[in-house]
Amino acid sequence: MARIRLSRAAAPYLLLLPGLAWLLLFYVYPAIQMFLVSLWTGNVQDGYKLTFNWGIYGSAFTEYWPWIVRSAEYGGLATILAFLLGYPLAYTIAFRGGAYKNVLLFLVIAPFFTSFLLRTISWKIILADSGIVLGPLKAAGLVPDDFRVLATPAAVVAGITYNFLPFMTLPLYVALEKIDRRLIEAAEDLYAGPWRPAGTIAGAAIGAVLLALLALTLSADPLVPAILGGIVGALIGTFLIGQAFLRITLPLSLPGIFAGSLLTFIPAVGDFINAELLGDPGSAMIGNVIQARFLKITDYPTASALSFILMAAILVGVLVYARLIGTEELTGGRI
Amino acid sequence: MNDERNEAPGKQIARRTFLQGTALAGFGAFLAACGASGTGSSASAAAATTASPSTAASAGASASAAAGGKIGGDLNFANWIGYIDISEDGSTYPSLEQFTKDSGVKVNYQEAIDDNEKFFTSDLQGPLSQNLPTAWDIVVVTDWMVARLARLGWLEAIDASATPNFVANLEPQYKGRSFDPNTKFAAPWQSGMTGIGFDKKKTGDLTSLNAFWDAKYKGKLTYLTEMRDTVGLTAIKLGFDPATITKDQFDQSLAEIDKAVKGKLVRQLTGNSYVDVMASGDAIVAMAWSGDVLGLLVPDQKKDQDFQFNVAKEGGMLWTDNMVMPKGVKNKAQAQAFINFYYDPKIAAQVEAYVNYVCPVKGAAEVLKASSPEIASNPLIFPPQDVVARLHQFRALDANEEKDWSAAFSKVLGL
């Protein structure tokens with residue numbers, strides 16, 4: 001008996017062991033190593049020495065905070081866009097997918113069967129200045145001759161959104177799928193109807209603010225996008241968002257929103273491939289800076305310090321976010 | 001070699017370039033992803049993950065370091081994209097096959113280098129700083145990188161008695177260069193020029209460096225991420241000589257580059273991938289390397305494109321890529337046998353006819369003139385005297401200058 005009880009008690013730890021060992025070897029050890037690298041001084045030819053040069057964190061931050069802010073902006077925008085695209089998608093699959101649910105889910109992850117890099121390079125081919133999209137538009141006089149999509153901040157944000165959309169959609173789907181439909185029926189029985197006029201107003205406000213922010217980040221004139229966003233938002237708020245959705249579906253899908261936005265935002269902030277392939281010199285992200293410091297300038301300490309600063313910044317951001325949404329929702333505690 | 005033969009392999013190359021670029025970017029992605037997420041490892045770990053060619057050198061073969069004769073064994077050779085002759089179907093390298101036939105050495109040839117610094121970080125620095133041999137027996141790197149490796153003592157000397165062709169046929173201007181005074185570490189592979197690559201159908205003939213600051217080409221211009229090329233051309237435009245450039249002149253040149261970047265004139269700063277950006281028509285003027293336009297762009301150009309290369313009237317940059325053996329090289333006899341093989345004018349001429357760069361091997365010109373006169377009149381392979389007169393080299397930088405200058409340059413690139 002005693003032996004059985006002992007193994008019972010040890011079981012969770014034994015089960016944790018492989019994962020812990022893996023993390024220790026491939027995460028903790030390199031992280032410590034890189035932390036030490038950040039405290040080196042010297043250059044690649046005369047050699048580096050560990051001098052505990054803590055000052056590098058201050059100097060790297062003062063030098064590069066605009067890049068961190070820009071990365072957070074692009075990552076944040078991409079996360080919001082992915083949410084706006086992914087939520088209706090996940091909702092439709094979960095509630096209206098019927099027999100095609102699995103096929104539709106497969107289609108969501110189908111792009112993953114091709115390399116991330118190839119997909120981004122194919123954007124370059126499709127969206128080339130006189131390629132198959134812009135060529136005909138220019139010939140028809142719909143866009144000016146010097147208009148371009150590639151090598152702009154908009155292309156970088158769009159590329160990140162596209163590449164991380166499945167990370168947003170899948171957790172949302174899982175959360176929405178779990179919702180007990182009887183709760184919605186009950187709400188409707190209890191007179192949960194359309195959400196008017198509050199929905200119209202809220203939709204217009206959210207739509208206008210979002211598109212204005214988007215335009216500002218991409219340094220475009222915000223007026224027209226704001227009006228457009230207001231109209232679309234008002235229409236959505238008026239006709240698509242009902243009381244039952246607002247009070248039942250949306251709160252119950254919060255864990256999915258939380259997980260999806262983190263899974264999108266964190267890699268998006270550190271991403272550098274989209275900025276490198278689709279951006280211009282003015283749209284480089286912190287990931288590009290770190291890459292250049294490591295590989296081109298061979299300034300390992302600054303590169304390592306920037307990696308840690310980025311990690312810390314993301315950690316703080318995530319903690320604040322978790323605090324705001326509430327950790328209860330993390331585990332779906334409210335259900 | 002007639003036009004048709006020239007064209008077919010070119011097509012292959014364009015595709016190869018694309019794939020190679022992809023593979024490299026993928027590796028870069030891996031590295032930087034590590035860096036960005038904080039789970040990364042040091043450069044030496046990264047080096048360990050790169051292609052590790054077979055290292056089974058036969059000790060017996062190494063011992064018989066004779067020039068010529070069947071010595072057998074392996075040779076691991078890292079070079080740049082499209083930098084050797086490639087067969088029409090793009091699957092084999094005729095000169096390497098010839099080498100294997102003559103010497104019995106199995107060659108593992110990889111287009112592993114896209115950028116000097118990146119290659120240094122990924123493949124050389126890790127093992128060499130630990131006194132370990134690298135995965136390569138011959139690597140092809142640019143002058144200033146040879147200078148750095150020599151300063152670090154990370155190069156293996158070429159044994160003159162094992163390489164009689166190299167001793168006899170190296171063009172005299174390559175002898176006793178400042179970073180290799182006794183000509184014992186670096187065997188030049190190709191020289192090339194940096195100048196203006198442009199699509200003549202869109203721009204007309206371009207002969208002045210002012211084209212790189214011309215608002216007419218706003219958003220259609222690319223600069224190079226190699227500091228010595230971009231800063232070098234800018235310095236020449238401002239009337240400075242890159243061979244004696246001072247910190248002050250460097251700063252003025254950077255300000256001039258910054259003006260073009262901030263003014264959104266420059267679409268992108270690229271490595272060798274400017275070739276792809278030009279091919280798609282997204283750029284029509286590029287800071288370009290001399291052989292690429294003819295070798296990589298022209299074979300694939302569309303009807304409304306006419307790619308040309310000019311060394312600007314103000315001047316251009318001259319550089320040389322060299323074969324070197326990293327310290328502790330495992331297959332030294334085989335590497336030296338290859339250097340000796342390449343310095344046979346017939347072989348050098350065969351490579352030259354394909355790559356369109358300037359050949360450092362004496363006698364190759366005569367071989368080419370006899371076999372294909374149209375190549376002998378190619379100004380990219382045999383630059384006329386007035387062009388040679390306006391070519392400049394970038395001066396050697398010391399370790400701290402190199403780090404500070406490349407950091408300042410990188411800042412201007414938006415990084």
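In short, a report on the structure. (Residues numbered from 1 in each chain as written. Chains lettered and ligands numbered in written order. Predicted model: local features only at pLDDT ≥ 70, side-chain atom pairs only at ≥ 80, totals over all residues.)

1. As for the overall build of chain A
Formally: Runs of E in the DSSP output that reach at least two residues are strands. Runs of H or I that reach at least four are helices, and both are numbered from the N terminus. Whether a residue is buried, exposed or partly exposed is read from the other C-beta atoms within 10 Å of its own C-beta, which are placed from the backbone; 20 or more gives buried, 12 or fewer gives exposed, and intermediate counts give partly exposed. With C-beta atoms placed from the backbone, a contact is any residue pair whose C-beta atoms sit within 7 Å.
In terms of regular secondary structure, chain A is built from 15 helices and 2 strands. By its C-alpha atoms, chain A is 80 × 75 × 35 Å across when sized along the principal axes. Counting every position in chain A, which comprises 335 residues, the buried fraction comes to 40%. Sequence separation of 24 or more characterises 72% of the internal contacts of chain A that already satisfy a separation of 6 or more.

2. Considerations on helix α10 (residues 247–262) of chain B
Residue and element names in this part refer to chain B. Rules: In this analysis, the expected span of each helix is defined as 1.5 Å times one less than the number of residues it contains. To be clear, the arc concerns the directions from the helix axis to the C-beta atoms.
Under the 1.5 Å per step criterion, the end-to-end length of α10 is 22 Å for 16 residues, consistent within 8% with the ideal 22 Å. Taken together, the buried positions of α10 are occupied by Phe-250, Ser-253, Leu-254, Ile-257 and Ala-260. What you see down the axis of α10 is that its buried residues fit within an arc of 115 degrees, all on one side. Exposed side of α10, more than 90 degrees from the buried face: Asp-248, Asp-251 and Ala-255 are the residues found there.

3. Some details on the interface of chain B and chain A
With 40 residues of chain B in contact, the opposing surface of chain A contributes 45 residues. It is helix α1 (residues 3–37) of chain B that contributes the most residues to the side of chain B that touches chain A, 10 residues altogether.

4. Regarding the nonpolar core
For the record, the criterion: Any set of buried Ala, Val, Leu, Ile, Met, Phe, Trp, Tyr and Cys residues joined through C-beta atoms within 7 Å is what this text calls a nonpolar core.
Counting 189 residues, the largest nonpolar core has Leu-306 of chain A together with Val-285 and Val-324 of chain B as its most contacted members. Examining the composition of this core, we find that 15 residues originate from one element, helix α2 (residues 55–96) of chain A, more than from any other. By size, the runner-up hydrophobic cluster in this structure holds 7 residues, among which are Ala-204, Ala-208, Ala-226 and Ala-234 of chain A.

5. Some remarks on the packing of helix α7 (residues 181–189) of chain A against helix α10 (residues 243–252) of chain A
Residues and elements named next belong to chain A. Threshold: Every angle, taken between N-to-C directions, lies between 0 and 180 degrees, and every axis is a line fitted to C-alpha atoms, over only the stretch in contact when it is a helix. The crossing is said to be left-handed when, going from far helix to near helix, the turn is anticlockwise and less than a right angle, and right-handed when the turn is clockwise. Under the convention adopted here, Pro, Cys and the residues Ala, Val, Leu, Ile, Met, Phe, Trp and Tyr are nonpolar, Asp, Glu, Lys and Arg are charged, and Gly plus all remaining residues are polar.
For the pair α7 and α10, interaxial distance at closest approach is 10 Å and the crossing angle is 145 degrees. Like other packed secondary-structure pairs, α7 and α10 cross with a definite hand, here right-handed. For the pair α7 and α10, the contacting residues are Leu-183, Ile-184, Ala-187 and Glu-188 in the first and Ala-244, Arg-247, Ile-248 and Thr-249 in the second. Split into classes, the residues belonging to the contact of α7 with α10 amount to 5 nonpolar, 1 polar and 2 charged.

6. Quick word on the environment of Ile-314 of chain A
All names here are of chain A. By secondary structure assignment, the location of Ile-314 is in helix α14 (residues 300–325). Between the alpha carbons of Ile-314 and Val-269 there is a distance of 8.3 Å; along the sequence they are 45 residues apart. If we ignore the near neighbours within four places in the chain, the residues touching Ile-314 are Ile-266 and Val-269.

7. Topic: the environment of Ile-284 of chain B
Residues and elements named next belong to chain B. Considering the arrangement of structural elements, one finds Ile-284 in the loop between α11 (274–279) and β8 (285–289). Since 25 C-beta atoms lie within 10 Å of it, Ile-284 is described here as buried. Spatially, the C-alpha atoms of Ile-284 and Thr-203 are 7.5 Å apart, while their sequence positions differ by 81 residues. When neighbours within four sequence positions are excluded, Ile-284 is seen to be in contact with Phe-198, Asp-199, Lys-202, Thr-203, Tyr-217 and Lys-220.

8. Some details on α14 of chain A
Because the α-helix completes a turn every 3.6 residues, residues three or four places apart line up on one side. Between the first and last C-alpha of α14 of chain A there are 37 Å, a value that for 26 residues agrees with the 38 Å anticipated at 1.5 Å per step. Every buried residue of α14 of chain A is accounted for by Tyr-300, Pro-301, Thr-302, Ala-303, Ser-304, Ala-305, Leu-306, Ser-307, Ile-309, Leu-310 and Ile-314 of chain A.

9. Looking at the packing of helix α13 (residues 286–296) of chain A against α14 of chain A
Residue and element names in this part refer to chain A. Here is the rule: Here roughly perpendicular refers to angles of 65 to 115 degrees, roughly parallel to angles under 35, roughly antiparallel to angles over 145, and oblique to all remaining angles.
Interhelical geometry of α13 versus α14 gives an angle of 155 degrees and a closest axis separation of 7 Å. One element, α13, and the other, α14, form an angle in the roughly antiparallel class. In this structure, the crossing between α13 and α14 has a hand that is left-handed. Taken together, the residues of α14 that come into contact with α13 (itself represented by Ile-286, Val-289, Ile-290, Arg-293 and Phe-294) are Tyr-300, Thr-302, Ala-303, Leu-306, Ser-307 and Leu-310. Here the contact of α13 with α14 is built from residues that sort into 8 nonpolar, 2 polar and 1 charged.

10. With respect to the pairing of strand β5 (residues 187–199) of chain B
Residues and elements named next belong to chain B. Worth spelling out the cut-off: One requirement defines pairing of two strands: DSSP has to find at least two bridges between them.
Burial runs high along β5: 13 of the 13 residues are buried. Across 7 bridges, the pairing between β5 and strand β10 (residues 316–326) is antiparallel. Note that in β10 the partner of Gln-190 across the bridge is Asp-321. Here β5 runs beside β8; their pairing, made up of 5 bridges, is antiparallel. In the sheet register, Gly-195 faces β8, and the bridge partner there is Ala-288. By the bridge criterion, 4 bridges tie β5 to strand β9 (residues 307–310) in an arrangement that is antiparallel. Bridged to Phe-198 within β9 is Gln-308.

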